[in-house]
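Architecture at a glance
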Amino acid sequence: MSLLDMIGPVMIGPSSSHTAGACRIGQVARQLLGQTPARAEIGLHASFAKTGRGHGTHLALIAGLLGYTPDDARLPQAFDEAGAADLTYTFENVDLGDVHPNSARLRVWGNGEQVEVIASSTGGGVIDVIRVDGFKVSFSGGAFTLLTRYHDTVGVIAKVAGLLAADQVNIAALTCARNQRGGDAMLCTELDQPLGEAAHTFLRSWPEMKWVRMVRPVMDAGIQAPVLLGTTA
Amino acid sequence: MTLDDLMRAPAPASQWVLDRDCAENGLTPGMVKEAMRSRITEMRSSIERGLASSAPSITGMVGWNAKGLHDAPDVLNAPLLKRVQAYAMAVNEENARMGRIVAAPTAGSAGTIPGALLGVADHLGIPDEQLVMPMVLAAGVGKAISRQMFISGAAGGCQAEIGSSAAMAAAAVTELLGGTPRACVHAAAMALMNTIGLVCDPVGGYVEVPCVSRNAFFAVHAVSSAQLALSSLESFIPPDEVITAMAQVGRMMPLELRETAEGGLAQTPTGLAVTARMAEK
């Protein structure tokens, strides 16, 4: 939480949780896919389902998938823009269980890639990403966030942490979850700086790595923070 | 960062807030001040658009309040009051018609701070550059509140949402007019304590009624708090205890009174008619 979250975001109305937060959820899903999706199946939970239409939640989610920020003047025309970008989408009401009433599940596809994201909009434009491809995660989009999906074996977390340390990248928060012993696991690390390009490429080349994504900040303080590559300052 | 810490900080309180936030988030003071400057410009622009327009909102419940007040004669001969109310409603009506605004701390409460701070500044002829640090202080008060309670109506009722914006605005106006850190914090506490219990009951679930007029009322409320604090009046209950009380009430509040449109004004016959009409759209 920063001062820029309290006076801000600059946004298209009418609701910071239903509009700005929804847009940021779309931005995160787009980054996890690594491209503009060709198809999106969006499930809206509780309050998002109930009052989302009038609050521009549907438009804002699509705007985020197109890479727009919450202050983008094109947000109210996001459906038309999606047509121009060849993005098709569907909306349905879903029950995601015991999660925040302003939550959504985004399943997105594009160019051989697919990802499923569940995230909540918790107020004032702040978001909380809680699941990626079914794995429990926890990140807010306030910082650079590295997500890796890998084969669950001894020492992978230590290797990733070692690579980050060698690249002078500090870990602010870390969560890890797996579907079963020796199955797939996901490591989610919030970072003070992004991983350098060379280290990122190296990480992706590891045989146990199945999927690696670096999500850039979607919150204002994170976007404006200086990127201190290769320095501990 | 608590209000108690802030109260004992060296003047100006905003500098203390700025230094701490920068240490926490890795931003420089220059970056935060520059962002605040541009946010003040955005607030101005939303006020101007809001005062000039009478276009209806998404549901058609609001859209002409700010312009209507702005164009009406000043029957009380109280230009500050009229200006503060018109600015606050202008921002929230822009919000309700999907215009561009600055959430402060939320979109539903976006009019309170510009209404109070820019309204007072314009009334007294104070330039925008002098609003940057008071805006930083407002954000700091919001942070202190959000440590104990979310700042959304869904989490704690409108007391958490517009109560926070009123407390933030009260502190900002107090610093703008030369108040000590102690006075700023007490202004915030007095504004907050007098919103406790306020439910979030948006008609049809939309950020329009009572939100637009509620911003006008609580912008004035914030200016009143600043006036009391600048006259050395204080909250008898210590400021952090006021936040705790508000948070406690928020937790006791049933779901029906927290932005679900299942209680209060939203459940009046007129409110239900709007809900039904919007469901058909």
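This structure is a prediction, so every number in the text was calculated from the model and none was measured. (Residues numbered from 1 in each chain as written. Chains lettered and ligands numbered in written order. Predicted model: local features only at pLDDT ≥ 70, side-chain atom pairs only at ≥ 80, totals over all residues. Heavy atoms only, no water.)

Describing helix α2 (residues 16-33) of chain A
Residues and elements named next belong to chain A.
- Over its 18 residues, α2 extends 25 Å from the first C-alpha to the last, a length consistent with the 26 Å expected when each residue adds 1.5 Å.
- For α2, the tally of buried residues reaches 16 of 18 residues, placing the bulk of the element in the interior.
- Of the residues one or two after α2, Gly34 is the one with positive phi, at around 90 degrees. (Helix = DSSP H or I, 4+ residues; strand = E, 2+ residues; numbered from the N terminus. Expected span 1.5 Å × (residues − 1). Buried < 20%, exposed > 50% of the residue type's maximum accessible area, 1.4 Å probe, protein only.)

Some remarks on the UniProt feature "domain: Serine dehydratase-like alpha subunit" (unreviewed entry) in chain B
- Taking the numbering used here, the UniProt-annotated feature "domain: Serine dehydratase-like alpha subunit" (unreviewed entry) corresponds to residues 29-266 of chain B.
- Split by type, residues 29-266 of chain B is 63% helix and 1% strand. Its first and last C-alpha atoms lie 43 Å apart. (UniProt positions renumbered as here; feature names shortened; annotations may be inferred.)

Observations concerning helix α10 (residues 181-193) of chain B
Residues and elements named next belong to chain B.
- Given a rise of 1.5 Å per residue, 13 residues ought to cover 18 Å, and the 18 Å separating the end C-alpha atoms of α10 matches this to within 8%.
- Burial within α10 is extensive, with 11 of its 13 residues counted as buried.
- Along α10, the positions that sit buried rather than exposed are Pro181, Ala183, Cys184, Val185, His186, Ala187, Ala188, Ala189, Met190, Ala191 and Leu192.
- The secondary structure elements touched by the buried residues of α10 are α1 (3-7), α2 (13-25), α7 (132-148), α9 (158-176), α11 (211-230) and α12 (239-252). (Contact = heavy atoms within 4.5 Å.)

Comments concerning unusual backbone geometry
Residues and elements named next belong to chain A.
- A cis amide bond links Gly8 with the next residue in sequence, Pro9, at an omega value of 5 degrees.
- At Ala46, a position not held by glycine, the phi torsion is positive, near 45 degrees.
- With relative accessibility at 37%, the residue Ala46 sits in the partly exposed group.
- The backbone of Gln168 sits at a positive phi, close to 60 degrees, despite the residue not being glycine.

Here's the deal with the nonpolar core
- Ranked by size, the top nonpolar core spans 101 residues in total, and within it Ile7 of chain A together with Leu6, Val32, Met36, Ile113, Met135 and Val141 of chain B carry the most contacts.
- Counting residues per element, this core draws most heavily on α9 of chain B, which supplies 12 residues.
- Of all hydrophobic cores here, the second largest spans 44 residues; its members include Ile62, Val115, Val137 and Val218 of chain A. (Core = buried A, V, L, I, M, F, W, Y, C linked by side-chain atoms within 4.5 Å.)

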